[in-house]
Amino acid sequence: MIAGLLVVLGLTAPPRPADDWRTWGAAYTDVPTQLGALLQVTAPGRLTLRTGLGWMPAGYVALANAAATRLSDSYTDAQADAVAAALEDSLVWQTTLGWQPWAAWGVQFEVGYQLLTLGGSATGQDLIAIATDTSTDDEPIADAFDISVTAHRLRVGLEYTWWLGADGAWSVAARLGAELTLASRSAVDPAFGGFNPRRARAFGDRAAATLDDIIGQYLHYPTVGLAVGYRID
């Protein structure tokens, strides 16, 4: 649909020369992971190196959880609600390597590494849902817990780019991909408020271990992306 619209408007241009160096800046979104900006360097041989920094809004967390619950019947709504408390407003950093096999076509394959630094807060009830797979307030431990998670992920994708204008200085890229969690490390620290600190800390450690298991097992999903770029040099 995007390609057809660009052709009708007469905005498409031939792909950039195959063997030159170019630097691009771009704004992009990958649903359901992030909104962000990236720097891209293209090299002779149609190789592309990208690095970008993004943000995971609350609405994207909900979409990621919806995808995970559809892909696995064992990922419960209670777990999804609790994990959302940890994932909201996360920062996302990634570096990827891409290759455009054909000079006359904007098809590009991409693989890379992604780091999610997750931080948030959750009530005791939310963490009980994580640690026990049920939502209950029968076990008062602490008023709230601070959560931090570092997740290491694999990112793969297939992308098509259209170069716009007479000189091809602007670009629009559509992307289909997938993201898979390789490992994660969580910390859950209680906010003490008159409750048993030792019990709260032990519960936090158990919740952190379970959160790592959940993220490692279920935080894998397909992605759909769109980027708008501008050639810097």
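**Quick look at the confidence of the model for the protein chain**
- Summary statistics for the protein chain give a mean pLDDT of 82 and a share of 85% for residues scoring 70 or more.
- A low-confidence stretch, residues 5–14 stays under pLDDT 50, and its non-local contacts, those more than four residues away or across chains, total 14 contacts.

**A closer look at the pairing of strand β5 (residues 90–99)**
- Burial along β5 is one-sided: the residues Ser90, Val92, Gln94, Thr96 and Gly98 are buried and none of Leu91, Trp93, Thr95, Leu97 and Trp99 is.
- Alignment of strand β4 (residues 47–56) against β5, held across ten bridges, turns out to be antiparallel. Following the sheet pairing, leucine 49 is matched in β5 by leucine 97.
- Bridge count between β5 and strand β6 (residues 107–123): nine bridges; the pairing is antiparallel. Across the sheet, residue tryptophan 93 finds its bridge partner in β6, namely leucine 115.

**Observations regarding the packing of aromatic side chains**
- Inspection of the entire model under this criterion finds five aromatic pairs.
- With a centroid separation of 5.9 Å and an interplanar angle of 55°, the aromatic rings of phenylalanine 145 and phenylalanine 203 are classed as tilted. In this pair, phenylalanine 145 is assigned in strand β7 (residues 144–164) and phenylalanine 203 in helix α5 (residues 197–218), connecting sequence segments 58 residues apart.
- Residue phenylalanine 145 is classed as buried on the basis of its relative accessible area, which comes to 0%.
- The buried category is assigned to phenylalanine 203, whose relative accessible area is 4%.
- Between the aromatic rings of tyrosine 160 and tryptophan 162, the centroid separation amounts to 5.0 Å while the plane-to-plane angle is 55°, which identifies the pairing as tilted.

Conventions adopted
Residues numbered from 1 in each chain as written. Predicted model: local features only at pLDDT ≥ 70, side-chain atom pairs only at ≥ 80, totals over all residues. Heavy atoms only, no water. pLDDT = per-residue confidence, 0-100. Contact = heavy atoms within 4.5 Å. Buried < 20%, exposed > 50% of the residue type's maximum accessible area, 1.4 Å probe, protein only. Helix = DSSP H or I, 4+ residues; strand = E, 2+ residues; numbered from the N terminus. Pairing = 2+ DSSP bridges. Phe/Tyr/Trp six-rings, centres within 6.5 Å; stacked < 30°, edge-to-face > 60°.

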